[in-house]
Amino acid sequence: MNRKEFLKKSFGAGLFLGTALTFGRYGELMANTAGNNSIPYDLVAVRNGEPAEMYERAIKAMGGISKYVKPGQRVLVKPNIGWNVTPELAANTNPLLVKAVIKSCLEAGASSVHVFDHTCDDWVKCYKTSEIERAVKEAGGKIVSGDSEKYYNQVEVPQGKKLKSAKVHELVLESDVFINIPVLKNHGSAKLTMAMKNLMGIVWDRSFWHRNDLHQCIADFSTWRRPDLNIIDAYRVMMKNGPRGRSEKDVATMKFLVMSDDMVAADAAATKIFGMQPQNVPYINFAHDMQIGNMNLDDQNIGRIKM
Amino acid sequence: MTYKWLKAFRVSIAFVSLLLISLAFLDFTGLFPDKLMKGVLWLQFIPSLLTFASAFSLAGLGFIAVMLITAVFGRFYCSSVCPLGILQDVVLRFARLFKKIKFRYHKPVKYLRHVLLGLTILSGLMGGMLFVSFLDPYSIFGRIFSDLFRPVAKALNNLLVPLFQAYDNYSIYYVDYYLLNFSVYFVAFAFLAVIIILTVKHGRLYCNTVCPVGTLLGYISRFSFFRIRIDTNNCTLCKKCEQVCKAECISLKNQTVDFSRCISCYNCLTVCKFDAIDFSVQKRLANNLTNKVAPTDAGRRQALKTIVGGLVLAPLASLGKEKELYYTATVPVNRTQYVTPPGSGSVPDLLTKCTACHLCVSACPTNVIQPSSSEFGWEHFMQVRMDYFAGYCTFECTRCTEICPTGALLPLKQDDKKLTQLGKVQFIEDNCIVKTESTDCGSCAEHCPTKAVLMVPYENDLRIPEVDDKICIGCGACEHACPTRPFRAIYVEGNEVHVMAEKPKEKQVEAPDHEDDFPF
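Residues numbered from 1 in each chain as written. Chains lettered and ligands numbered in written order. Predicted model: local features only at pLDDT ≥ 70, side-chain atom pairs only at ≥ 80, totals over all residues.

**Student:** What's the story with the overall build of chain A in this structure? I'm lost.
**Tutor:** Each helix and strand counted, chain A has 12 helices and 12 strands in total. Residues classed as buried in chain A amount to 56% of the 307 residues present. (Helix = DSSP H or I, 4+ residues; strand = E, 2+ residues; numbered from the N terminus. Buried ≥ 20, exposed ≤ 12 C-beta atoms within 10 Å, placed from the backbone.)

If you want it as structure tokens, here you go:
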């Protein structure tokens with residue numbers, strides 16, 4: 001039995017709960033630990049900075065990266081690398097942000113930082129053209145393929161209404177810390193794509209979601225494994241023709257960044273930054289109702305940083 | 001003997017040729033450089049001839065070089081350049097590990113090679129490529145490597161992946177297989193089997209009986225300047241040379257060498273201990289070097305409807321077809337014209353130039369280029385088409401146009417490719433998820449690079465696709481992504497002649513004004 005199999009089997013065999021406790025959100029829900037008190041903000045939003053600097057400010061306000069990444073832990077960073085376009089078209093997460101996140105994880109003592117996406121366009125080209133492959137390598141992380149079904153393992157989604165199971169990339173199962181870094185953009189199917197929609201990139205069969213009420217499936221899958229940290233890149237924002245975009249004319253430079261442990265809150269804030277209301281994005285409502293997170297920003301302690 | 005080094009020279013050239021050409025076909029990583037691919041294949045006879053016939057460019061002069069070399073030195077091409085020829089030598093080398101193989105002189109098979117060459121030329125002149133694509137040795141080799149061996153290479157790669165991953169190394173990665181039409185495997189396998197059997201029993205019998213290039217070059221080598229001859233003064237009739245002659249063209253009984261069949265392996269030179277085999281200048285110069293094959297004619301391709309091919313191959317094609325599990329769509333897709341890859345210019349252009357070598361099938365990063373079965377008619381079996389079930393054409397990619405050795409796909413600049421319309425999008429609303437299930441979907445519009453497919457308001461705050469075929473380039477992203485089964489709700493109707501799509505009209509977007517503050 002190799003290491004990978006061992007990890008898979010132990011996961012399936014009931015270490016789930018023990019591991020989940022270290023995953024942050026589950027831990028908070030089950031144990032109501034004192035750790036919660038050290039979180040100064042539910043959500044931090046930054047504007048007017050460069051991607052890496054906005055990240056630095058936000059993570060500091062959230063309590064520092066070492067709150068999320070402990071020495072020796074395996075970290076998975078999941079950007080959006082779905083399309084074979086350059087960073088200027090803003091269809092993929094900003095490579096400078098990806099680089100900054102990986103660097104800080106390694107500085108916090110992470111044993112490894114892996115990065116992948118199940119791309120829409122040819123993955124080799126996506127990784128290259130998005131400049132994310134280069135950013136990952138420069139930062140000391142490992143870029144991994146998500147392009148074969150062999151990487152994906154069946155998981156149950158017990159709380160799902162429409163989506164009861166999915167095939168998920170093994171790295172998500174093997175990692176101790178899961179950091180979700182989507183890009184905010186217009187989306188022809190889901191209206192907007194941000195944190196929750198970005199999780200579609202860790203599953204194999206996406207056409208099932210499209211056939212079975214996309215919005216409900218997005219919310220359903222968000223019950224399965226909440227990322228420990230969500231960082232929404234809204235530096236360049238594709239305002240229309242998403243998710244692929246057509247040219248730089250679809251892109252507005254907005255220089256925002258949103259960070260939260262709560263995907264629903266993060267998506268609600270990003271929706272407002274985009275100029276829409278969270279109530280108008282069905283999956284945000286579904287997720288709120290399923291108690292995956294809180295879409296009411298008024299109830300929350302929000303850090304606002306202008307640079 | 002002064003010419004003993006010739007065999008070593010032949011073997012080293014052959015080794016390099018085979019290695020590079022094999023890698024070009026086996027590569028599933030996209031790392032094999034496009035330019036090198038074209039360079040390596042420049043000398044391939046039939047691809048080069050076809051390029052010359054269609055483009056009259058430097059890229060198509062390889063076959064003239066081959067004919068000149070043959071006129072001077074004999075069929076060096078067959079032993080050192082032709083990958084199928086070299087493959088036979090490799091097979092022989094392996095077979096000899098298990099079995100002592102000795103050849104002996106045989107008379108050539110009567111008529112067959114001339115008839116096959118004649119048919120190939122005749123059908124080629126009429127624009128039919130069935131004989132050419134079935135018999136061109138380079139294309140046969142290509143199909144064996146692309147269709148049969150490439151999946152094996154992938155399997156070996158996939159076996160290694162877990163070992164690397166155990167050390168947290170992701171530099172090699174899993175690759176998936178895409179199942180081709182069963183009849184394509186069958187043809188590639190049948191040729192491989194026949195060639196292995198013939199090689200083990202009679203050496204290069206295939207090259208001297210079936211191969212049209214071998215026959216054609218044989219006409220030239222018959223008169224070539226240098227050639228293998230027996231020095232009757234020194235010969236002891238030990239038969240060593242006859243036993244190693246893969247072409248079975250040395251007759252010691254008659255003390256002759258049939259140089260039209262000699263494939264210039266130079267084994268006889270190396271093996272003779274008595275200086276009785278000579279490689280020397282022929283006094284009588286060849287005067288008939290201009291075996292010319294005229295260019296193909298697209299207009300008359302229809303003349304060659306090979307019913308026989310259809311009868312044999314049709315039942316095979318139905319095997320191994322994809323079985324779909326999910327059904328909501330009820331309206332069948334009636335595609336009247338299948339789509340040809342970018343750079344082909346038009347359907348007839350592709351069908352009169354493609355030899356079905358499947359190099360583009362190997363090189364395409366998304367599997368969208370697939371061998372056809374009966375989509376263009378049976379006489380075009382195995383020639384390539386765009387299969388949007390298998391994949392879709394990456395907007396920015398021009399790789400297939402860069403590497404095609406026959407000129408069936410001609411190079412396209414990226415900017416031109418992004419506007420080249422291979423076909424037009426068609427929407428079948430009655431199959432669409434948005435209508436049948438009353439939920440949002442939008443897979444098609446998501447993937448569309450030009451926004452020829454756009455989501456517009458529909459009942460109950462839903463959005464449904466709207467198509468604009470003027471800016472559509474027919475890449476098939478929408479068709480590939482469409483989740484309805486067994487029929488798609490959106491598909492590409494091929495253009496018989498590719499045209500330029502209109503450039504989309506664009507307007508700079510503006511960011512919402514948050515007055516330099518936060519909207520929450």
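**Student:** Please clarify how the overall build of chain B should be interpreted in this entry.
**Tutor:** In terms of helices and strands, chain B carries 22 helices and 10 strands. Seen through its C-alpha atoms, chain B measures out along the principal axes to roughly 100 × 60 × 45 Å. Relative to its 520 residues, chain B shows a buried fraction of 48%. Considering only contacts in chain B between residues 6 or more positions apart, those separated by 24 or more positions represent 77%. (Contact = placed C-beta atoms within 7 Å.)

**Student:** Is there a simple way to explain helix α12 (residues 282-289) of chain A in this structure?
**Tutor:** Three or four residues apart is the spacing at which side chains of an α-helix point the same way, because the helix has 3.6 residues per turn. Residues and elements named next belong to chain A. Taken as a whole, α12 has its buried residues at Y283, I284, F286, A287 and H288. Looking at the buried residues of α12, the elements they touch are α8 (195-198), α10 (214-222) and α11 (263-274). Phi turns positive, to about 60°, at Q291, one or two residues after α12.

**Student:** How do you make sense of the interface of chain B and chain A when you look at a structure like this?
**Tutor:** Accessible area lost upon the coming together of the parts is a frequently used measure of interface size. Listed by partner, the interface residues are 41 residues for chain B and 45 residues for chain A. Going through the elements one at a time, α9 (137-166) and α21 (443-447) of chain B are the ones with two or more residues in the side of chain B that touches chain A. Of the residues in the side of chain B that touches chain A, the class split is 21 nonpolar, 11 polar and nine charged. (Nonpolar A, V, L, I, M, F, W, Y, C, P; charged D, E, K, R; others polar.)

**Student:** Sorry, what's going on with the packing of α11 of chain A against α12 of chain A here?
**Tutor:** When two helices pack together, their arrangement is captured by the angle between the axes and the distance separating the axes. Residue and element names in this part refer to chain A. The interhelical angle for the contact between α11 and α12, taken along N-to-C directions, is 150°, at an axis separation of 10 Å. Classified by the angle their axes make, α11 and α12 are roughly antiparallel. Of the two possible hands of crossing, α11 and α12 adopt the one that is left-handed. Taking contact as the criterion, the partners of V264, D267, A268 and T271 in α11 are, on α12, I284, A287 and H288. Class assignment of the residues belonging to the contact of α11 with α12 gives a composition of four nonpolar, two polar and one charged. (Axes fitted to C-alpha atoms, helices over the stretch in contact; angles between N-to-C directions. Parallel < 35°, antiparallel > 145°, perpendicular 65-115°, else oblique. Left-handed = near helix turned anticlockwise from the far one by under 90°.)

**Student:** Got a minute to help me understand the environment of L58 of chain B in this structure?
**Tutor:** Residue and element names in this part refer to chain B. Looking at where L58 falls in the secondary structure, it is placed in the loop between α3 (45-55) and α4 (62-73). Overall, L58 belongs to the exposed group, with 10 C-beta atoms counted inside 10 Å. Between the C-alpha atom of L58 and that of F94, which follows or precedes it by 36 residues, the distance is 38 Å.

**Student:** Got a minute to help me understand the confidence of the model for chain B in this structure?
**Tutor:** In regions of low pLDDT, the predicted coordinates are not meant to be interpreted in detail. Residue and element names in this part refer to chain B. This prediction gives chain B a mean pLDDT of 89; 90% of its residues lie at or above 70. Ignoring residues within four places in sequence, the model shows residues 318-325, a span with pLDDT below 50, making six contacts including any to other chains. Predicted as a complex, the structure gets a pTM of 0.87 and an ipTM equal to 0.86. (pLDDT = per-residue confidence, 0-100.)

**Student:** Looking at this structure, I do not really get the domain arrangement of chain B. What am I missing?
**Tutor:** All names here are of chain B. The assigned domain composition of chain B is domain 1 (5-281) and domain 2 (300-500). Summarising the inter-unit geometry, the C-alpha centres of domain 1 and domain 2 are found 34 Å apart. Contact residues are listed per partner, giving 41 residues for domain 1 and 39 residues for domain 2. Of all the elements, α9 adds the most residues to the side of domain 1 that touches domain 2, at seven residues. For the side of domain 1 that touches domain 2, the class distribution of residues is 20 nonpolar, 14 polar and seven charged. (Domains from an automatic or database assignment.)

**Student:** Honestly, unusual backbone geometry in this entry has me stumped. Any pointers?
**Tutor:** For residues other than glycine, phi is negative in most cases, and the peptide bonds are mostly trans. Residue P243 of chain A is reached from G242 of chain A by a cis peptide bond, and omega for that bond is 5°. Structurally, P243 of chain A is set in the loop between β10 (229-238) and β11 (251-260). Omega for the peptide link from R485 of chain B to P486 of chain B comes to 0°, which places this bond in the cis form. Within the fold, P486 of chain B resides in the loop between α22 (477-481) and β10 (490-500). We note that E131 of chain A has phi near 70°; this positive angle belongs to a residue other than glycine. With respect to the helices, strands and loops of the structure, E131 of chain A is situated in the loop between α5 (123-129) and α6 (132-139). A residue is classified by how many C-beta atoms lie within 10 Å of it, and E131 of chain A, with 19 of them, is partly exposed. In this structure, Q255 of chain B is a non-glycine residue whose phi angle is positive, near 55°. Structurally, the position occupied by Q255 of chain B is in the loop between β2 (250-251) and β3 (256-257).

**Student:** What am I meant to see in the nonpolar core here?
**Tutor:** Taken as a class, soluble globular proteins show a tendency for nonpolar side chains to be buried jointly. The biggest cluster of nonpolar side chains holds 236 residues, and the ones touching the most others in it are V101, A234, L257 and V258 of chain A together with C360 of chain B. In terms of residues, this core owes the most to one element, α11 of chain A, which gives nine residues. Setting aside residues no more than four positions away along its own chain, C360 of chain B makes contact with P341, I369, V384, C400, I403, C404 and L409 of chain B. (Core = buried A, V, L, I, M, F, W, Y, C linked by C-beta atoms within 7 Å.)

**Student:** Is there a simple way to think about the environment of P83 of chain B in this case?
**Tutor:** Residue and element names in this part refer to chain B. Along the chain, P83 turns up in helix α6 (residues 83-98). With 26 C-beta atoms packed within 10 Å, P83 lands in the buried category. Along the backbone, P83 and I490 are 407 residues apart, and their C-alpha atoms lie at a distance of 42 Å. If near-sequence neighbours (up to four positions away) are discounted, P83 is found in contact with S17, L18, I21, Y138 and F141.

**Student:** Got a minute to help me understand the environment of F63 of chain B in this structure?
**Tutor:** Residues and elements named next belong to chain B. Structurally, F63 can be placed in helix α4. Residue classification places F63 among the buried residues on the basis of 24 C-beta atoms within 10 Å. For F63 and A445, which are 382 residues apart along the polypeptide, the C-alpha to C-alpha distance reads 46 Å. The contacts of F63, once residues within four sequence positions are left out, are F45, S48, L49 and F52.

**Student:** Which parts of the structure should I look at to understand the pairing of strand β8 (residues 183-187) of chain A?
**Tutor:** Within a regular beta strand, the side chains point alternately toward one face of the sheet and then the other, so they alternate between its two faces. Residue and element names in this part refer to chain A. With five of five residues buried, β8 is to be regarded as a mostly interior element. Where β8 meets β10, two bridges bridge the pair, whose relative direction is parallel. What sits directly across from V183, in β10, is D233. Note: β8 against strand β9 (residues 191-193), three bridges, orientation antiparallel. In the strand pairing of β9, N186 is matched with L192. Between the end of β8 and the start of β9, which pair antiparallel, lie three residues. (Pairing = 2+ DSSP bridges.)

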